[in-house]
Amino acid sequence: MTISYPFIKPKYYKSLLLDLLSFIKSPKDKPSIEKSTTLKIYDTIGLFFIKVVFSITVATLLQFVYEPENLTSTNMSERFSPVVLLTVGGIILPIFEEVTFRLSLKFNPIYFALTSGTFTYYILTKAVFKSRLSLIDETFWTRVITAFVVVFIVYLVSRTKKVKIILQNYWKTHLRGIYYFSCVSFAWLHIFNFELNLKNLLLLPILTLPQLFSATIAGYTRVTFGFQYPLLLHVTTNILFISLTFLPLD
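Parameters and conventions
- Residues numbered from 1 in each chain as written.
- Predicted model: local features only at pLDDT ≥ 70, side-chain atom pairs only at ≥ 80, totals over all residues.
- Heavy atoms only, no water.
- Helix = DSSP H or I, 4+ residues; strand = E, 2+ residues; numbered from the N terminus.
- Rg over C-alpha atoms; globule rule 2.2 N^0.38 Å.
- Buried < 20%, exposed > 50% of the residue type's maximum accessible area, 1.4 Å probe, protein only.
- Contact = heavy atoms within 4.5 Å.
- Areas by Shrake-Rupley, 256 points an atom, 1.4 Å probe, with all protein chains shown as cover.
- Lys, Arg positive; Asp, Glu negative; His and termini not counted.
- Charge placed at Lys NZ, Arg CZ, Asp CG, Glu CD.
- Salt bridge = Lys/Arg side-chain N within 4 Å of Asp/Glu carboxyl O.
- Polar contact = N/O pair within 3.5 Å; in protein donor to acceptor, adjacent residues only side chain to side chain.
- Expected span 1.5 Å × (residues − 1).
- pLDDT = per-residue confidence, 0-100.
- Phe/Tyr/Trp six-rings, centres within 6.5 Å; stacked < 30°, edge-to-face > 60°.
- Lys NZ or Arg CZ within 6 Å of the ring centre and 35° of its normal.

Glancing now at the overall build of the chain. Per the secondary structure count, the chain includes 12 helices and 0 strands. Listed N to C, the secondary structure of the chain is α-α-α-α-α-α-α-α-α-α-α-α in terms of helices and strands. Here the C-alpha radius of gyration of the chain, 19 Å, is about what a compact globule of 250 residues would show, namely 18 Å. Taken over the C-alpha atoms alone, the chain extends approximately 50 × 50 × 35 Å along its principal axes. Counting over 250 residues, the chain shows a buried share of 44%. Long-range contacts, defined as pairs at least 24 residues apart, comprise 74% of the intrachain contacts of the chain with a sequence gap of at least 6. Accessible area of the chain: about 14,300 Å², with a carbon and sulfur share of 70%. If the 24 positive side-chain charges of the chain are averaged to one point and the 13 negative ones to another, these points end up 15 Å apart.

In structure tokens form, the structure reads like this:
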């Protein structure tokens, strides 16, 4: 069978958006078994195009109103060479964030444990120690060791028969809430990329709108296609936008 991907057909992107909106309205753990790997990749690429257009549009509109400095991007650019920046910002951090916010959208004891550990590291880094995810400072090993302890404990507890059954049933009946929480937490925690002043906090929903839209797509592709698809989408997006920063502006 010949597969034709309609790159230039608006109807295809309309169809993708309708599928996404349908999932956002009523998230269901129903993997798309009728689609081949090729079609899943094509759909992921299509959603990537939609995501980029949306992000650029929002960023452009914000420039006319308010454009706070992204302290995380500035900090990483100052600390890393271009190659290291692409590796850390384009590959390592996307893997970390996908494990934190998307891996456990489908329940599995090891998934839940890994997500619990990375989320602990995220909160300790951003909210408690006011540090950077990629910064090796005096708090680094405290954050890392605590995260590993959480992974170990959560895995041992969640893999016991009784707890595992309880969690599996909870995921089946509360996927909508879990999906919404993953989207909002992913987006709103990005406020730590900016200075935590009153204006930025009041504008939080607008400043993090691109991340919220990205999270809805990532969650959809994770549940429907598999974990590798939002990971691919995230890595590609980060590498693209980081690479653009290397272009001469003059």
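Taken as a whole and judged by the stated rule, the model has 4 salt bridges. Between K106 and D29 there is a salt bridge, with its nearest N and O atoms 2.5 Å apart. Pair noted here: K106 is in the loop between α4 (82-101) and α5 (109-128) and D29 is in the loop between α1 (10-25) and α2 (37-63), with a separation of 77 residues, a long-range link. Judged by relative accessible area, K106 falls into the partly exposed class, the value being 21%. The exposure class assigned to D29 is partly exposed, which follows from its relative accessible area of 42%.

A word on the side chain of T100. Among the secondary structure elements, T100 is positioned in helix α4. Of the residues examined, T100 reaches a relative accessible area of 5% and is grouped as buried. Reaching out from T100, the side chain makes a polar contact with the backbone oxygen of F96 at a distance of 2.8 Å. Discounting residues that sit within four places of it in the chain, T100 has contacts with T115, T118 and F119.

Before going further, it helps to examine the environment of S81. Looking at the secondary structure, you find S81 in the loop between α3 (71-79) and α4. With a relative accessible area of 37%, S81 lands in the partly exposed category. Placed 52 residues apart in sequence, S81 and D29 show a C-alpha to C-alpha distance of 41 Å.

To continue, consider helix α12 (residues 228-244). Between its first and last C-alpha atoms α12 spans 24 Å; for 17 residues at 1.5 Å apiece the expected length is 24 Å, and the two agree. By the burial criterion, the buried members of α12 are Y229, P230, L231, L233, H234, V235, T237 and I242. Residues of α12 that are buried make contact with α2, α4, α8 (175-188) and α11 (209-224).

What follows is about the confidence of the model for the chain. Per-chain confidence: the chain averages 92 in pLDDT, with 96% of residues scoring 70 or above. Across the chain, helix α6 (residues 140-158) holds the top mean pLDDT of 98, while α3 sits lowest at 86.

Before going further, it helps to examine the packing of aromatic side chains. Using the criterion set out here, one finds 18 aromatic pairs in the structure. Between the aromatic rings of F96 and Y122, the centroid separation amounts to 6.3 Å while the plane-to-plane angle is 10°, which identifies the pairing as stacked. One end of the pair, F96, is in helix α4; the other, Y122, is in helix α5, with 26 residues separating them in the sequence. Look at Y122 and you get buried, because its relative accessible area is 1%. Between F101 and Y122, the ring centres sit 5.6 Å apart and the planes meet at 85°, which makes this aromatic pair edge-to-face. One end of the pair, F101, is in helix α4; the other, Y122, is in helix α5, with 21 residues separating them in the sequence. A relative accessible area of 4% means that F101 is categorised as buried. For R102, the ring lying beneath its charged end belongs to F186, and the centroid distance is 4.3 Å.

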